[in-house]
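# Results of the structural survey
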Amino acid sequence: MSDVEAYRERARAWLGSVAPRFGRAARAGLSEEEDLALGRAYLKERFAAGYSGINWPVEYGGQGLSPIEKVAFDSEEMAFGMPTAYFSISLGMPVPIIMRFCEDKAWVRERVHKALTGEEIWCQLFSEPAGGSDLAGLRTRAETDGNGWKINGQKLWTSWAQYSDYGVIVVRTDPTVPKHKGLTYFWVDMKAPGVTVRPIKLAGGDSHVNEVFFDDVKIGDDHRMSPVGGGFAVAMATLMIERYVATDSAGFGPHLDLFVALAKDLRLNGRPAIEDGRIRQQIARNYAMRAGLDSINVRARLMMEAGMTPGPEGSLNKLVAVRSRQKLSELAIDLQGAGGFHFDEYASQKEDWASSWINAPTGRIAGGSDETLLNTIAERILGLPQDHRPDKGIPFNQIPA
Amino acid sequence: MSILYDEGQQAIASESRRILEAHVTTEALLPLLETRDAIFEPFWTIAKEQGWTAVALPEAYGGLGLGLVELGLVAHQAGRSLSGAPFLTASFGAARAILDHGDEALKQRWLPVLAAGEAIGAVAFIEGQRVIGGGLAFEDGKLRGTKSAVTGGTRAGVAIVTARDGDEMILAVAELADVERRPIESFDNSRCAAHLVFAETPAIELLRGSVAEAAAVHILALQAVVTAHEQTGGAEKLLETARDYALTRRAFGQPIGAFQSVKHRIAEIYALVELARAGAVHAASRAGQDDFIAAAAAARIQATDGYDTAARDCVQIHGGIGVTWEAGLHLHMRRARSLAVEQGNLFFWEDVLVDRLRGKAA
């Protein structure tokens, strides 16, 4: 057994030992507040067990291991359904980015420790009503205010802002230069006066995203994490920092085995649905596609273990897996007939077809829409031209609204 | 077997690519479409010289002792260049059947000549719409009946056939010297397809009953993995062709690749090529394992969809020029379709796969 396999075995054993208290079954029926409290308790134990900040520097309280161990642990953890969603953004991007870009190391160490133990949560204040895919089109502004800054504006789609203690934010500090050049990057205290968080109820009934309003929110210049006007580069670094994440060829929806089981249980025209050609074709095509994605993911892992850089095809998983999960979920509902109407707001997207279906569009939009991903593949991998951008090179305040 | 290619395997890929790119041209391939039984002869000469015919056969019988992964790498390049005479896959399937199920005399008779490319093998299971047909009669060691549109049938010296003896399926091997061949006019003539008419043709029984059926599926699965690599190679070439054209062809004042309707279509081809590539190497690495048939079926389905879609969309991206004889994109359209049917069509492999998944989830 390789070292990584041994690590994976130990991780699985530990996860199994705490799963009765924190896993899927323990979470059933909890309110979101109760679930969050359980999540904080889980993170505390995970930290004590040495499975937090796996690939982060030891000086900040991490384990100092490689992304290989991190991905191995994450993929094992995913299978147990632990209450980690509240911390996924926090530990995925904002906290790693303050480790890299904040000067006050003692302060950073304290933040990292509290984030790893679940005491504090960070959010990422990027998207706005006027800019999601077009991040650099954002309008929230910061003006100098004495020795510091004053922020006004609105952020949107901010995951877990309602539970966050801190956030990282990109704002416009100069509207007279082209849009990418007038941005600056800060961190903010989410409990500061003038910050208002309003949860947004999504189509599936849950509210993990928020609108965040800033009204004359005053911060010191020591909150600044980029040169003035150099915020876009740090924003890009934030989006790129989590390069190695556990992927799921089921698109974070149900495993294909669940569809096969459903097709064996249910009948269509008087015989098992799995004998129906329409159902068989969908099973076969989905299996083939997921086998390809799994193979891509395995190859990426082998390359990392061999000290090589995985190829860009790893970026296909989100694009291909989520949209096919959406269609398969529709088919699963159809197949159940009247039984398919049943809806449980708290059901897991990994196990319940209706939940998987209603939440699938979020997966195709959040973190890079299908269209944005296709553009990225076309431009970055295949070298095709950028889209025509009429706002290119024009000062932000002269772009036609 | 790892899915990460080692240095030796990468050398097989780059060397076979270099040789084929130096020899194959669209101009040389186009006339083959209008002649029956004409292949791109230099390919077969190169295949013999380079030992591609021997890649996946044991050294004891004149092979190189490598496996499906390596043969797949050669097939990928054959697919890219469209040069692949059908014999690489057909002879391999026939040789594997003899290797796995024949006696020592049979192995000595055929494997060295197949490995050297001196003889060509065929896998003749298909009968009309039936991928594994059993309409051929086997009686007292003799075959009677017709196998339809056998790939490589115009030139094969030996064939593995499925037949029927009473209620039992038979897997048999027959020398084709005295068999009547009726070459068929097809949309991809260099596949050398011919009806084989057996009339009291002597044949040697390899297997009988349910094991014969299982063996037939396994032989097709081995060939399907090779073909999946060939299909992936073709799709990869089309991806590059589409990308290059979209970068150079201009309309409305910009390269057509700047239009999202075009660039997204090409990005989708990229996704299909990478899924096919990953599925094919995964299947090749599972040879000899319990899940090999399922992996082969999955690879075959993904590669067929990938090559068909790449051919369809690459022509579309080229506009008018794409449908001309000279541009030769129709060579890929034709090859995508012939490879989609050889070694079992999508209906066949979807059924094979789902039957296995159904059993597993029980």
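Keep in mind it's a predicted model, so treat the numbers as computed, not measured. (Residues numbered from 1 in each chain as written. Chains lettered and ligands numbered in written order. Predicted model: local features only at pLDDT ≥ 70, side-chain atom pairs only at ≥ 80, totals over all residues.)

## Quick look at the overall build of chain A
For clarity, the threshold we go by: Segments assigned H or I by DSSP are reported as helices when at least four residues long, segments assigned E as strands when at least two residues long, and all are numbered from the N terminus. Throughout, radius of gyration means the C-alpha value; the globule benchmark is 2.2 Å times the number of residues raised to the power 0.38. Between the buried cut of 20 or more and the exposed cut of 12 or fewer other C-beta atoms within 10 Å of a residue's own C-beta lies the partly exposed class, and all C-beta atoms are placed from the backbone. Residues are defined as contacting one another if the C-beta atoms placed from their backbone atoms lie within 7 Å.
Counting secondary structure elements, chain A contains 13 helices and nine strands. In terms of overall size, chain A behaves like a compact globule, its C-alpha atoms giving a radius of gyration of 22 Å where 401 residues would be expected to give roughly 21 Å. With respect to the principal axes defined by its C-alpha atoms, chain A has extents near 75 × 50 × 45 Å. Taken over 401 residues, chain A has a buried fraction of 41%. Within chain A, contacts between residues at least 6 apart in sequence are counted, and of these 69% link residues at least 24 apart.

## Examining the packing of helix α1 (residues 3-22) of chain A against helix α4 (residues 67-78) of chain A
In helix packing, the relevant descriptors are the interaxial angle and the interaxial distance, both defined with respect to the helix axes. All names here are of chain A. Heads up, the rule is: Axis definition: a line fitted to C-alpha atoms, over the contacting stretch in the case of helices. Angles run 0 to 180 degrees between N-to-C directions. Take the far helix as the reference: if the near one is turned anticlockwise from it by less than a right angle, the crossing is left-handed, and if turned clockwise, right-handed. Nonpolar residues are Ala, Val, Leu, Ile, Met, Phe, Trp, Tyr, Cys and Pro. Charged residues are Asp, Glu, Lys and Arg, and all others, Gly as well, are polar.
Axis separation between α1 and α4 bottoms out at 9 Å; the angle between their running directions is 35°. Where α1 crosses over α4, the handedness of that crossing is right-handed. Residues Val-4, Tyr-7, Arg-8, Ala-11, Arg-12 and Leu-15 of α1 touch α4, and the partners they reach there are Ile-68, Glu-69, Ala-72, Phe-73, Glu-76 and Glu-77. Looking at the contact of α1 with α4, its residues break down into seven nonpolar, no polar and five charged.

## Remarks on the domain arrangement of chain A
All names here are of chain A. In plain terms, the rule: For each domain, the first and last residues come from an automatic or database assignment.
According to the domain assignment, chain A contains domain 1 (3-120), domain 2 (123-240) and domain 3 (256-367). Counting from both sides, the interface comprises six residues of domain 1 and, opposite them, four residues of domain 3. Ranked by the residues each element gives to the side of domain 1 that touches domain 3, the list is headed by α4, at three residues. Residues that form the side of domain 1 that touches domain 3 fall into these classes: four nonpolar, one polar and one charged.

## Things to note about unusual backbone geometry
Residue and element names in this part refer to chain B. The phi angle at Leu-82 is positive, at roughly 65°, despite the residue not being glycine. When you line up the elements, Leu-82 lands in the loop between α4 (68-81) and α5 (87-101). With a phi close to 55°, Cys-192 is a non-glycine residue in the positive phi region. Topologically, Cys-192 is positioned in the loop between β6 (180-183) and β7 (194-208).

## Some words on the nonpolar core
Selection rule: Here, a nonpolar core denotes buried Ala, Val, Leu, Ile, Met, Phe, Trp, Tyr and Cys residues that are linked to one another through C-beta atoms within 7 Å.
Core analysis: the largest hydrophobic core is formed by 167 residues, its most contacted members being B:Ala94, B:Ala159, B:Ala172, B:Val225, B:Ile266, B:Ala298 and B:Leu353. The greatest single-element share of this core, amounting to 17 residues, is contributed by helix α7 (residues 210-248) of chain B. With near-sequence residues (within four places) excluded, B:Ala298 lies in contact with A:Tyr287, A:Ala288, A:Ala291, B:Gly279, B:Ala283 and B:Leu353. Grouped together as the second largest cluster of nonpolar side chains are 50 residues, A:Leu43, A:Met82, A:Phe186 and A:Val234 included.

## Remarks on α7(B)
The test is simple: To estimate how far a helix should extend, the number of its residues minus one is multiplied by 1.5 Å.
For α7(B), with 39 residues, the first-to-last C-alpha span of 56 Å sits near the 57 Å given by 1.5 Å per residue. The buried fraction of α7(B) is high, at 29 of 39 residues.

## Examining the packing of helix α1 (residues 7-23) of chain B against α4(B)
Residue and element names in this part refer to chain B. The following threshold applies: What sets the label is the angle itself: under 35 degrees gives roughly parallel, over 145 gives roughly antiparallel, 65 to 115 gives roughly perpendicular, and the rest give oblique.
Remark: α1 packs on α4, axes separated minimally by 9 Å, with the N-to-C direction vectors making an angle of 25°. In terms of axis orientation, α1 runs roughly parallel to α4. For the pair α1 and α4, the crossing hand works out as right-handed. When α1 is examined against α4, the residues Gln-9, Ile-12, Ala-13, Ser-16, Arg-17, Leu-20 and Glu-21 are found in contact with a partner set consisting of Val-69, Glu-70, Leu-73, Val-74, His-76, Gln-77 and Ser-81. For the contact of α1 with α4, the residue count by class is six nonpolar, five polar and three charged.

## Brief notes about the interface of chain B and chain A
On the chain A side, the residues contacting the 35 residues of chain B number 36 residues. Grouping the constituent residues of the side of chain B that touches chain A by class yields 21 nonpolar, eight polar and six charged.

## Considerations on α1(B)
Residue and element names in this part refer to chain B. Cut-off, in case you're wondering: Directions drawn from the helix axis to the C-beta atoms are what define this arc.
Here α1 spans 25 Å end to end across 17 residues, near enough to the 24 Å set by a 1.5 Å rise per residue. Within the sequence span of α1, burial applies to Ile-12, Ser-16, Ile-19 and Leu-20. End-on, the buried residues of α1 take up no more than an arc of 95°, which puts them together on one face. Opposite its buried face, α1 presents the exposed residues Glu-7, Gln-10, Ala-11, Ser-14, Arg-18 and Ala-22, each directed more than 90 degrees away.

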